[in-house]
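Architecture and fold: a report
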Amino acid sequence: MTSPSLAAPCAAAPAEPAGIILRARSGFYTVRTDDGRDVECRLRGRVKKERQATDLAVIGDRVRIGLLPDGTGMIEEVEERHSRFSRRQPGPRGTWKEDMLVANVDQVLVVFACADPMPHLRMLDRFLVVAEHNEVAATVVANKVDLVGLARARELFGTYERIGYPVHYASAREGIGVEELADRLCGRTSVVTGPSGVGKSTLLNAVQPGLRLATGDVSEALHKGRHTTTSAELHPITAPGGGYVADTPGLRELGLWQIPADELAWCFPEFVPHLGGCAFNDCSHLHEPRCAVRAAVDGGEVPAQRYDSYRRLRLNEE
Ligand SMILES: Nc1nc2c(ncn2[C@@H]2O[C@H](COP(=O)(O)OP(=O)(O)OP(=O)(O)O)[C@@H](O)[C@H]2O)c(=O)[nH]1
Ligand SMILES: [Mg+2]
Ligand SMILES: [Zn+2]
């Protein structure tokens, strides 16, 4: 924003166009400017100094760039983020290191398959905990319903509906639920995540055929232990409402994604109404007497399966 007294005397194109980072790779950034051009940029040294090393500029960041005569650009300024999707890892002496994955995220879609690969619900809980810890709204997408039918899919994922997460049942292969997914992506910045082979890229290709994301054979991906999609990238949505979506590799290293122990219970939304009711205010909800969370599990208000995930995460068990 320029004040009127500083306004340039001639009405030429702005010297520092604004845009959003779509790709970031070893010091190079692709910025989509607000007038629709893609400019390859580097980060101005001054900007590097101002920001912390892990946190320089990531996909989803809104930036101002200076254009150079050769058509490339320099990132002059990174705007403040309103949210982020990041991974925190424990560092030395109780410190935390934060790896930013995507900035300014409005929602996370956690994709699991109903079969092939079989849904691993404890892993789903971990993805949801990460979304909650980032304070980003999460939706569960149960893909490949064609393999098991809707009734079985609801048995598998119904717990999440009861907790209050939106659950989308979809089949990228048969086009089921694809329109609803397109509506959900419209006008927002979304991160799509989930294990390898569940059909994240196939679903996004169904929503927007022009994307042509690489997709892989499940067994091949699992046996090689690697993802078809290898780096996160933000894709502009071309439908009238706009928006952006990041197809991420399945974050296999999710186990490293630790949450401070005393914050974990807050990442299970169905625990939250009970958290004030424990006898000890530093209750771990593992063994203490008169624990309101365990009482809620016994009373059927908190699903035992979710409590089990909490317990294992808290104890660092697989
Ligand atoms: N039966 C069935 N197969 C599907 C469906 N969606 C995707 N697939 C298949 O599942 C396999 C994996 O799909 P991808 O889209 O590559 O999976 P991904 O989640 O992007 O995997 P990574 O990139 O490795 O993380 C491919 O063979 C797809 O054809 C579906 O709805 N039903
Ligand atoms: Mg993929
Ligand atoms: Zn408790």
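Residues numbered from 1 in each chain as written. Chains lettered and ligands numbered in written order. Predicted model: local features only at pLDDT ≥ 70, side-chain atom pairs only at ≥ 80, totals over all residues.

Another aspect to go through is the nonpolar core. A general trend in soluble globular proteins is that nonpolar side chains are found buried together. Counting 67 residues, the largest nonpolar core has Ile21, Val102, Val110 and Ala142 as the members making the most contacts within it. Ignoring anything within four residues of it in the chain, the contact list for Val102 reads Val58, Ile59, Gly60, Phe85, Val191, Ala232 and Ala246. (Core = buried A, V, L, I, M, F, W, Y, C linked by C-beta atoms within 7 Å. Buried ≥ 20, exposed ≤ 12 C-beta atoms within 10 Å, placed from the backbone. Contact = placed C-beta atoms within 7 Å.)

It is worth spelling out the environment of Pro166 at this point. By secondary structure assignment, the location of Pro166 is in the loop between helix H3 (150-163) and strand E10 (167-169). Residues Pro166 and Ala138, spaced 28 residues apart in sequence, show a C-alpha to C-alpha distance of 7.7 Å. (Helix = DSSP H or I, 4+ residues; strand = E, 2+ residues; numbered from the N terminus.)

All right, on to the sheet that holds strand E4 (residues 62-67) then. Read around the closed barrel, 5 strands run E1-E2-E3-E5-E4, paired in mixed fashion. Adjacent strand axes in the sheet meet at a mean angle of 55° when their direction is disregarded. With 4 bridges connecting them, strand E2 (residues 28-33) and strand E3 (residues 38-43) associate as antiparallel partners. Considered in E3, the bridge of Thr30 is made with Glu40. (Pairing = 2+ DSSP bridges. Axes fitted to C-alpha atoms, helices over the stretch in contact; angles between N-to-C directions.)

This part takes up helix H8 (residues 304-314). Looking only at H8, the buried set comprises Arg306, Ser309, Tyr310 and Leu313. All buried residues of H8 lie within an arc of 100° about the axis, which places them on one face of the element. In H8, the exposed positions angled more than 90 degrees off the buried face are occupied by Ala304 and Gln305. Packing partners of the buried residues in H8 comprise helix H2 (121-133) and H3. Just past H8, the residue Asn316 takes up positive phi, approximately 60°. (Arc of directions from axis to C-beta.)

In spatial order, the strands read E10-E9-E8-E11-E13-E12; together these 6 strands make up an open sheet with mixed pairing. Looking along the sheet, the strands with just one partner apiece sit at the ends: E10 and strand E12 (233-236). On average, each strand axis in the sheet is tilted by 25° relative to the strand beside it, whichever way the strands run. Pairing of strand E11 (residues 189-193) with strand E13 (residues 244-247) involves 4 bridges; the strand directions are parallel. Each residue of the ladder has a partner; that of Ser190, found in E13, is Val245. Packed onto the sheet, helix H5 (residues 200-207) meets strand E8 (107-113), strand E9 (137-143), E11 and E13 and runs at close to 155° relative to E13.

Here the focus is unusual backbone geometry. Cis geometry is found at the peptide bond from Asp116 to Pro117, where omega equals 0°. Position of Pro117 among the secondary structure elements: in the loop between E8 and H2. Not every positive phi belongs to a glycine, and Lys144 is a case in point at roughly 65°. Relative to the helices and strands, Lys144 is located in the loop between E9 and H3. Residue classification places Lys144 among the buried positions, given that 28 C-beta atoms sit within 10 Å.

Another point: H5. Among the 8 residues in H5, 7 count as buried, and that is most of the element. When we look at burial in H5, the residues that qualify are Lys200, Ser201, Thr202, Leu203, Leu204, Ala206 and Val207. Those residues of H5 that are buried lie in contact with E8, E9, helix H4 (178-185), E11 and E13.

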